[in-house]
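Chain by chain, the residues run as shown.
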Amino acid sequence: MRAPRSVVLLFVATLLWLPQVQRFHHADRARLREALTERATRPRDVAAMRAVNPEWDFMRRTFTVLALGDRALSAPADARARYVAAMDREIDDVLATEAAHGKSRFLLGYGSARPFVDPEARSVFVDGEIVMMIAARELVAPRPALRAEADRRAEAIERAMRRSPTLSAESYPDECWTFCNTTALAALSMWDAATGSDHDDLGRAWVARARERLLDTRTGILVSSFTRDGVVRDGAEGSSIWMSARNLLLVDEAFARDQYARARRELSVTFLGFAWAREWPQGTPRRPDVDSGPIVPLLDASAGSSAFALLGASAFGDEAYLDGLLASAELAGFPDGAGYRASNDVGDAVLASALTHGPLWARARARRVAEVAR
Amino acid sequence: MTLRRMAVATAGVVLAARAALWALGLEAHTCVLAGMPLDASSWVLGPLVVAIQLATWTVAPILLCWAALDRAAGILGTRVLRRSSEPAPRS
């Protein structure tokens, strides 16, 4: 039986056209890097963002400081001061905001609904990212006025982690997040590189404990959240693992690469030059929430996971995946010259950090290597 | 209406819809993808804008490409038929 000519030609037309689509959606990384770093320092609508999730108001600052730090380290000496000044504005503002409004300012409402299990009752989400911001600033250029603040928080993080049966501190009452704990470990590593302090032992112990208790049994990916005693609440999730793998590069590179490879295998999707990321491995029950963002039907694409996948792809030098993710952003993110309309302030900052990633992590690792050699 | 004309018309409708989205500034509603709708209508308009954008880059060009191929095949087919029906030249 012969197929009708129309059907054959439709098939040919599809084969001819679809592979060409990605050629029209190539992101100009240099322009985006510059534009997004600028935009991230001027959030468009903080009130609207806080109404959805106050954590985003905080995380925007962290990723903006990291992007500015990376830009400062790669910029000519005469341009560095501008980036450093912008880092200082962000850090001073976050410290002043926390001082004025209390330590729950950047937490979701249930953060103060019941007591923390740890006696110091601090959120490692807040402390970890503040130490990371100050450490980034210190790695670019010393600012002695902030050292006591970072030291105080670093010591609190270490105490809370060592007291915990999982060696993980709480972000919310009896709720530990891998994202936050690996961020705290990376922040301590950066702080060590900047100041000569030493938290290597804590990092090694955390990774050993995580290998025992925090890996998803099917995929081997670090679970996303768990109680302080280690009861899993959320399994492997894209909104957690891409960032966690990037953080772990400063703690245990082999483990970090293994986690990235697993995430890539279980969560990434590539198709005709485009790429995106799923929030959950296939076959896992879906529970869309504020972290995953809306899930695109049929494609199973998650905005949250795809944004953080950019961080992972950039940190691990996965150029093909990074190109694919950016092509998808160009196609479905609606570029507006300085970023994407389909993004928000925290998304802009995450993308800025992804596209600038490199110099800060390299400096942190180089100083650590030099210290170990001594 | 021939199949080819229907294909071209469909592609035209998709392209016109895309142009209308741009002219009306409806692309701003795609921020719903990041979990931040402009207003309640974003939950409908955001996905609709994305669907039309995807159709603009896939369905419309494929239909136009198919129409062009179909037209070319039609012309070639007519010529071949005409030649095959012509009497063989006398030697």
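A quick note: this is a predicted structure, and the numbers were derived from the prediction, not measured. (Residues numbered from 1 in each chain as written. Chains lettered and ligands numbered in written order. Predicted model: local features only at pLDDT ≥ 70, side-chain atom pairs only at ≥ 80, totals over all residues. Heavy atoms only, no water.)

A. Layout of the overall build of chain B. Within chain B one finds 3 helices and 0 strands. Across chain B, helices and strands are ordered from the amino to the carboxyl terminus as α-α-α. Radius of gyration (C-alpha) of chain B: 22 Å, far over the 12 Å computed for a compact globule of 91 residues. When each of the 91 residues of chain B is scored for burial, the buried share is 33%. Once local pairs closer than 6 in sequence are excluded, the contacts in chain B between residues at least 24 apart make up 51%. Just so you have it, chain B exposes about 5700 Å², and 70% of that area is on carbon and sulfur atoms. Counting 8 positive and 4 negative side-chain charges, chain B places the averaged centre of each group 20 Å from the other. (Helix = DSSP H or I, 4+ residues; strand = E, 2+ residues; numbered from the N terminus. Rg over C-alpha atoms; globule rule 2.2 N^0.38 Å. Buried < 20%, exposed > 50% of the residue type's maximum accessible area, 1.4 Å probe, protein only. Contact = heavy atoms within 4.5 Å. Areas by Shrake-Rupley, 256 points an atom, 1.4 Å probe, with all protein chains shown as cover. Lys, Arg positive; Asp, Glu negative; His and termini not counted. Charge placed at Lys NZ, Arg CZ, Asp CG, Glu CD.)

B. Structural detail: the packing of aromatic side chains. Under the criterion given, the structure shown has 10 aromatic pairs over all chains. On the numbers, 5.5 Å between centres and 40° between planes, the contact of Phe24 of chain A with Trp57 of chain B is tilted. One end of the pair, Phe24 of chain A, is in the loop between helix H1 (5-17) and helix H2 (29-40); the other, Trp57 of chain B, is in helix H2 (residues 42-57), on a second chain. Given a relative accessible area of 23%, Trp57 of chain B falls into the partly exposed group. Each ring, one from Phe58 of chain A and one from Phe125 of chain A, has its centre 5.1 Å from the other, and the planes form 75°; the classification is edge-to-face. (Phe/Tyr/Trp six-rings, centres within 6.5 Å; stacked < 30°, edge-to-face > 60°.)

C. Expanded view of empty space enclosed by the protein. All names here are of chain A. Summed over the entire model, instances satisfying the criterion amount to 1 cavity of 30 Å³ or more. Each pocket or cavity is described by its volume, and for the largest cavity that value is around 50 Å³. The wall of the largest cavity is formed by Asp118, Glu120, Arg122, Ser123, Val124, Asp127, Ala156, Ile157, Ala160 and Ala169. Every element with two or more residues in the lining of the largest cavity is listed here: helix H6 (124-140) and helix H7 (147-163). Among the elements that take part in the lining of the largest cavity, H7 stands out by supplying 3 residues, more than any other. Taken together, the residues of the lining of the largest cavity break down into 5 nonpolar, 1 polar and 4 charged. (1 Å grid on protein atoms, 1.4 Å probe; cavity = no way out; pocket = protein on both sides within 12 Å on 5 of 7 lines; lining within 4 Å. Points joined across faces, edges and corners; volume = space filled by probe spheres on them. Nonpolar A, V, L, I, M, F, W, Y, C, P; charged D, E, K, R; others polar.)

D. Geometry of the interface of chain B and chain A. At the interface, 26 residues of chain B touch 27 residues of chain A. Taking both partners together, chain B and chain A bury about 2300 Å²; carbon and sulfur atoms supply 75% of that area. By the criterion of area lost to chain A, the three top residues of chain B are Met36, Trp57 and Ile62 of chain B, representing 28% of everything that side buries. At the junction of chain B with chain A, the criterion picks out 2 salt bridges. The interface formed by chain B and chain A contains 6 residue pairs in polar contact (both at pLDDT 80 or more). The set of elements that each furnish at least two residues to the side of chain B that touches chain A consists of helix H1 (3-24), H2 and helix H3 (59-85) of chain B. Grouping the amino acids of the side of chain B that touches chain A by side-chain chemistry returns 18 nonpolar, 5 polar and 3 charged. (Buried area = accessible area lost by both parts, 1.4 Å probe. Salt bridge = Lys/Arg side-chain N within 4 Å of Asp/Glu carboxyl O. Polar contact = N/O pair within 3.5 Å; in protein donor to acceptor, adjacent residues only side chain to side chain.)

E. Expanded view of the packing of H1 of chain B against H2 of chain B. All names here are of chain B. Interaxial distance between H1 and H2 falls to 9 Å at its minimum, and their mutual angle equals 135°. Considering their axes alone, H1 and H2 lie oblique with respect to each other. Crossing geometry of H1 relative to H2 is assigned as left-handed. Contacts between H1 and H2 pair Val14, Leu15, Ala17, Arg18 and Leu21 from the former with Val49, Ile52, Gln53, Ala55 and Thr56 from the latter. For the contact of H1 with H2, the residue count by class is 7 nonpolar, 2 polar and 1 charged. (Axes fitted to C-alpha atoms, helices over the stretch in contact; angles between N-to-C directions. Parallel < 35°, antiparallel > 145°, perpendicular 65-115°, else oblique. Left-handed = near helix turned anticlockwise from the far one by under 90°.)

F. Molecular detail of the nonpolar core. Counting 108 residues, the largest nonpolar core has Phe63, Met190, Trp206, Trp242, Phe308 and Tyr321 of chain A as the members making the most contacts within it. Of all the elements, H6 of chain A adds the most residues to this core, at 12 residues. Beyond its immediate chain neighbours, meaning those up to four positions away, Phe308 of chain A contacts Met59, Phe63, Phe179, Gly238, Ser239, Trp242, Met243 and Val350 of chain A. By size, the runner-up hydrophobic cluster in this structure holds 20 residues, among which are Ala13 and Ala301 of chain A together with Ala60 and Leu63 of chain B. (Core = buried A, V, L, I, M, F, W, Y, C linked by side-chain atoms within 4.5 Å.)

G. Looking closely at the side chain of Asp345 of chain A. Residue and element names in this part refer to chain A. Within the secondary structure layout, Asp345 lies in helix H14 (residues 345-356). For Asp345, a relative accessible area of 5% gives the class buried. Ignoring sequence-local partners within four residues, the contact set of Asp345 consists of Pro43, Arg44, Asp45, Val46, Met49 and Arg60.

H. Summary view of helix H9 (residues 200-213) of chain A. Residue and element names in this part refer to chain A. Helix length check: H9, at 14 residues, gives a terminal C-alpha distance of 20 Å against a target of 20 Å (1.5 Å per residue), a fit within 8%. Those residues of H9 lying buried are Leu202, Gly203, Trp206, Val207 and Ala210. For H9, the arc enclosing every buried residue in end-on projection is 130°, short of the 170-degree limit, so these residues lie on one face. For H9, the exposed residues set more than 90 degrees away from the buried face come down to Arg204 and Glu212. For H9, the secondary structure elements touched by its buried residues are H7, helix H8 (178-195), helix H10 (238-248) and helix H11 (253-267). (Expected span 1.5 Å × (residues − 1). Arc of directions from axis to C-beta.)

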